[in-house]
Amino acid sequence: MQQINSVFKEAMAGISKKALAAEWLLGSPAAEIGRLWLILRASFIVPLLRISLYVCLVMSTMLLIEWLFIGGVVLYVKMFGRKPERRYKWEAVEDGSETGSAAFPMVLVQIPLFNEKEVYKLSIGAACSLSWPADRLLIQVVDGSTDILIKDMVEKECMKWASRGINIIHQTRETREGYKAGALKEGLNYDYVKECEYVAIFDADFQPKPDFLRRALPFLIHNQDIALVQARWRFENADECLLTRLEEMSLDYHFTAEQEAGSTVHAFFGFNGSAGIWRIAAINEAGGWDDRTTAEDMDLAVRAALKGWKLVYVGDLEVKSELPSTLKAFRSQQHRWSGGPCNLFGKIVMDVIKSKKVSLWKKVYMIYNFFFVRKIVGHTCIFFSYCLVLPLTILIPEVNVPKGGAVFIPCIIAAINSILATPRSLHLVFLWILFENVMSLHLTKAIVTGLLGTKNANEWIITEKIGDSTKNKTNNEPVAPEKPRSEVLRHRILLPELGFAMFLFLSGGYGFLYRNDYYFVYLFLQGITFTIVGFGLIGT
């Protein structure tokens, strides 16, 4: 009996210990944190993620409709041959035996420069070779270079062409006030340009063909309501590396699709800042160049349109230029191109609404299609949809992503881009999508700074250009000392991109282990692309 009692007491003691242990575990900090996480997840994270997903699907649908609209317009133009020459009066300017060069209007060519040693000869040489009567052409090199040696080299180049009978002026600036807008505005204020009716603008790396003026000016001469003729950019170094091929795909779509659609339907688009020719009277009526944003070219185009002027894009009038071949140069260029328009949107939207010379339909197009969808929704939708929300839904399975939003919409958009823009790069479409997704992180930051009007939104960094410097190096030219390899690598590393790479690998790994879908394939590939860009392993 005593043995039975002792066994019973030991058993009860064991049960008491287990109960106490279970009670302790249930009341432990780890258990409390687990309960809090479940409550937070169910009441806050899941609903927020589900709302974010719906917003992303709406933005994706907006983009799809916009792409289909643009594709439809471009298809219409190609099928029915609705080129600008058929929509507007165009007659070649002929040399008159009696009037001589008097039949040709006076044209100013502006070339803004800033320490662009590698390419200044290209633009100056091309401008001086334009087929136009010498006494009806004035070339103005607006040089704001702070490097005295480069400024001296530009002056000597201008003197060389002047000795050949070219009417060229090397106009120096002592300040960078207003950046490019300030340079162009200052150039138009000199008395010697007052007799000019039109102004063609070429950045330092642009090389127009000799017949550029003869093909573009008839639109302005014979159509008094046209303010601008914009040519298409072509890229000499598109095959230099994978980065330039991907850049070419994006910019080719911009010109062949977005610019063509805006010009055809509404006679409005954003001036690209180079390879265009303006009616000077339209510039003056619109208020002249304004340096309030880094999108001074788009600013002028919008203000001219609000005054009732038409803008014409001529797709088969091409001008050679250069693409940034380094990731650093490309990122700084894209930051300016994304932040500037968003900053401008906040400053000009009320002017668009109040304009009395623009139809309601055109106002809707300018505010919704041109600014909101293309400049704001585009990159933010890509970033939030495919770099943030989709990976989070893998980690939180309560939220399901429709296959149409995750797969079919981006595939349709990519197909439209490839077919319309750069058919030769069709095999690079998937790489282009992955790269665009990576860049959306950087561009979303630029969009936010532009909308908020922060200091970075108005930061102007000249895009580094290579030109033919690597081909034409002489022993007399100074060579910059090479930076230590460790310093070069340190500046190449992009921590935000590497952070997102880790996040995508985590999400992809979880999806591979615990999910039944195949989203992990995309997540791994996207994570690899973020890693490549994060370590600066793309470009020259």
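Treat the numbers as computed from the prediction; the structure is a model and nothing was measured.

Rules and cut-offs
Residue positions are given per chain, counted from 1 along the sequence in the order it is written. Where local features are concerned, this predicted model is filtered to residues with pLDDT of at least 70; where side-chain atom pairs are given and counted, the filter is 80 or more; whole-chain, interface and lining totals use all residues. To get the side-chain values, all heavy atoms of the structure are used, and hydrogens and water are removed first. Think of it this way: any DSSP run of H or I at least four residues long counts as a helix, any run of E at least two long counts as a strand, and we number them from the N terminus. Expected helix span is taken as 1.5 Å per residue step, with the number of steps being one fewer than the number of residues. Think of it in three bands: with a 1.4 Å probe and only protein chains considered, a residue is buried below 20% of the maximum accessible area for its type, exposed above 50%, and partly exposed in between. UniProt positions are given in the numbering used here, feature names are shortened, and annotations may be inferred rather than shown by experiment. Convention adopted: a line fitted to C-alpha atoms gives each axis, helices being fitted over their contacting stretch, and angles between N-to-C directions are expressed from 0 to 180 degrees. Here the angle decides the label: under 35 degrees means roughly parallel, over 145 means roughly antiparallel, 65 to 115 means roughly perpendicular, and every other value means oblique. Between two residues, a contact is recorded if the distance between any of their heavy atoms is within 4.5 Å. Residue polarity is assigned by list, with Asp, Glu, Lys and Arg as charged and Ala, Val, Leu, Ile, Met, Phe, Trp, Tyr, Cys and Pro as nonpolar; anything else, Gly included, falls into the polar class. A cavity here means a set of 1 Å grid points, computed over protein atoms only, where a 1.4 Å probe fits but cannot escape. A pocket is an open set with protein on both sides within 12 Å along at least 5 of 7 lines, and lining residues have an atom within 4 Å of a point. Grid points are joined across faces, edges and corners, and a volume is the space filled by probe spheres set on the points. Every residue is assigned a pLDDT by the predictor, reflecting its confidence on a scale from 0 to 100. Two rings belonging to Phe, Tyr or Trp (six-membered ring only in the last case) form a pair when the distance between their centres is within 6.5 Å. Interplanar angles under 30 degrees mark stacking, angles over 60 mark edge-to-face geometry, and anything in between is tilted. Any two strands between which DSSP finds at least two bridges are classified as paired. For this analysis, a nonpolar core means a set of buried residues of the types Ala, Val, Leu, Ile, Met, Phe, Trp, Tyr and Cys, connected via side-chain atoms within 4.5 Å. Looking down the strands as they point away from you, a crossover is right-handed if its path from the first strand over the helix to the second goes clockwise. Exposure above 30% relative accessible area and the lack of any salt bridge qualify a residue for a patch; like charges then connect within 9 Å, and the nonpolar side chains Val, Leu, Ile, Met, Phe, Trp and Tyr within 5 Å. Only the protein chains shown count as cover for residues, and all accessible areas are computed by the Shrake-Rupley method using a 1.4 Å probe. Salt bridge, as applied in this entry: a Lys or Arg side-chain nitrogen positioned within 4 Å of an Asp or Glu carboxyl oxygen.

Okay, helix 11 (residues 327-354) next. With 28 residues, helix 11 extends 41 Å from end C-alpha to end C-alpha; this agrees with the ideal 40 Å at 1.5 Å per step. Of all 28 residues making up helix 11, 20 are buried, and the element is well covered by its neighbours.

In this section: the UniProt feature "transmembrane region" (unreviewed entry) in the protein chain. If you check UniProt for "transmembrane region" (unreviewed entry), the listed places come out as residues 20-39, 51-77, 376-395, 407-435, 493-513 and 519-538 in our numbering. Secondary structure across residues 51-77 comprises 100% helix and 0% strand; the distance between its end C-alpha atoms is 39 Å. As annotated, residues 376-395 has a helix share of 100% and a strand share of 0%, and its two end C-alpha atoms lie 28 Å apart.

It is worth spelling out the packing of helix 8 (residues 242-266) against helix 12 (residues 360-395) at this point. Between two packed helices, both the angle of their axes relative to each other and the distance between the axes serve to describe the pair. The N-to-C vectors of helix 8 and helix 12 enclose an angle of 170°; their axes lie 12 Å apart at closest approach. For the element pair helix 8 / helix 12, the angle class is roughly antiparallel. Facing helix 8, whose interface residues are Glu258, Gly262 and His266, helix 12 presents Trp361, Lys362, Tyr365 and Arg374. Residues of the contact of helix 8 with helix 12, tallied by class, amount to two nonpolar, two polar and three charged.

Let us look at empty space enclosed by the protein. Using the criterion set out here, one finds one cavity of 30 Å³ or more in the structure. In this structure, the largest cavity encloses a volume near 90 Å³. Surrounding the largest cavity, Leu53, Cys56, Leu57, Ser60, Ser385, Tyr386, Val389, Leu390, Val401, Gly405 and Ala406 form its lining. Counting residues per element, the ones that place at least two in the lining of the largest cavity are helix 2 (29-80), helix 12 and helix 13 (403-420). Class assignment for the residues of the lining of the largest cavity results in eight nonpolar, three polar and no charged.

Note: predicted coordinates in regions of low pLDDT should not be interpreted at a detailed level. Of all residues in the protein chain, 90% have pLDDT values of 70 or greater, and the mean over the chain is 88. In this model residues 7-15 is a low-confidence stretch, pLDDT under 50, and it forms zero contacts with partners more than four residues away in sequence or in other chains. Of the regions scoring below 50 in pLDDT, residues 17-25 engages in one contact with residues more than four places distant in sequence or in other chains.

Glancing now at the packing of aromatic side chains. Under the definition given, this model contains 25 aromatic pairs. Here the aromatic rings of Phe269 and Tyr313 are separated by 6.5 Å at their centres, their planes lie at 80°, and the arrangement is edge-to-face. One end of the pair, Phe269, is in the loop between helix 8 and strand 6 (276-279); the other, Tyr313, is in strand 7 (residues 310-321), and 44 residues separate them in sequence. Just as Phe269 is buried, Tyr313 falls in that class too.

Pairing within the open sheet is mixed, and its seven strands lie in the order 3-2-1-4-6-5-7. Two strands close off the open sheet at either side, each with one partner strand: strand 3 (168-172) and strand 7. Pairs of neighbouring strands in the sheet enclose a mean axial angle of 20°, with direction left out of account. Strand direction decides the pairing type here: strand 5 (residues 226-235) and strand 7, joined by nine bridges, are parallel. Bridge assignment links Arg234 to a residue of strand 7, and that residue is Lys320. Helix 4 (residues 120-128) rests against strand 1 (107-113), strand 2 (137-143) and strand 3 of the sheet, and its axis sits at about 175° to strand 1. Seen against the sheet, helix 6 (residues 179-188) touches strand 1, strand 2, strand 3 and strand 4 (198-201) and runs at an angle of roughly 145° to strand 1.

It is worth spelling out the nonpolar core at this point. In summary, soluble globular proteins display a tendency toward joint burial of nonpolar side chains. Ranked by internal contacts, the top residues of the largest apolar core, which has 95 residues, are Ile124, Phe212, Leu213, Ile277 and Trp278. The contacts of Trp278, once residues within four sequence positions are left out, are Glu197, Tyr198, Val199, Ile201, Ala227, Leu228, Phe271, Ile283, Leu300, Ala301 and Ala304. Leu64, Met249, Cys387 and Leu428 belong to the second-largest nonpolar core, a separate cluster that totals 61 residues.

With that settled, consider the environment of Asp95. Assignment of secondary structure puts Asp95 in the loop between helix 3 (84-87) and strand 1. A sequence separation of 38 residues divides Asp95 from Pro133, and the C-alpha atoms of the two residues are 9.2 Å apart. Asp95 has contacts with Phe104 and Arg214, leaving out every residue within four places of it along the chain.

It is worth spelling out the pairing of strand 2 at this point. Of all seven residues in strand 2, seven are buried; the element is thus mostly enclosed. Residues Leu137, Ile139, Val141 and Asp143 line one face of strand 2 and the alternating positions Leu138, Gln140 and Val142 line the opposite face, and both faces are buried. Across seven bridges, the pairing between strand 1 and strand 2 is parallel. Bridge pairing links Val109 to Ile139 in strand 2. Between strand 1 and its parallel partner strand 2, the chain crosses via helix 4, and the hand of that crossover is right-handed. In terms of strand pairing, strand 2 meets strand 3 through five bridges, oriented parallel. Bridge pairing in strand 3 places Gln140 opposite Ile169. With helix 5 (residues 148-162) bridging strand 2 and the parallel strand 3, this β-α-β connection has right-handed handedness.

Our next topic: a nonpolar patch on the surface. Side chains of Phe430, Ile493, Leu495, Phe505, Tyr518, Val521, Leu525, Ile528, Ile532, Phe535 and Leu537 sit close together on the surface and give an oily, nonpolar patch of about 1100 Å² of accessible area. Top contributing element to the nonpolar patch by residue count: helix 17 (residues 519-534), with four residues. Structurally, the position occupied by Leu525 is in helix 17. Relative accessible area serves as the criterion here: at 34%, Leu525 is assigned to the partly exposed category.

Let us now look at the environment of Leu431. Among the secondary structure elements, Leu431 is positioned in helix 14 (residues 429-452). According to the relative accessible area criterion, Leu431 is partly exposed, its value standing at 41%. Measuring from C-alpha to C-alpha, the distance between Leu431 and Leu242 comes to 9.7 Å, with 189 residues separating the pair along the chain.

It is worth spelling out the pattern of salt bridges at this point. Between side chains of opposite charge, a pair can form when the charged atoms approach closely. Under the defined criterion, the tally for this structure stands at 21 salt bridges. As a salt-bridge pair, Arg234 and Glu318 come within 3.2 Å of each other at their nearest N and O atoms. On the criterion of sequence distance, the pair formed by Arg234 in strand 5 and Glu318 in strand 7 is long-range, its members being 84 residues apart. Relative accessible area serves as the criterion here: at 30%, Arg234 is assigned to the partly exposed category. By relative accessible area, Glu318 is classed as partly exposed at 26%. The closest approach of N and O atoms between Asp290 and Arg292, which form a salt bridge, is 3.9 Å. With a relative accessible area of 27%, Asp290 lands in the partly exposed category. Overlapping salt bridges, with partners in common, bring together Asp239, Arg245, Glu248 and Arg424 in one network.

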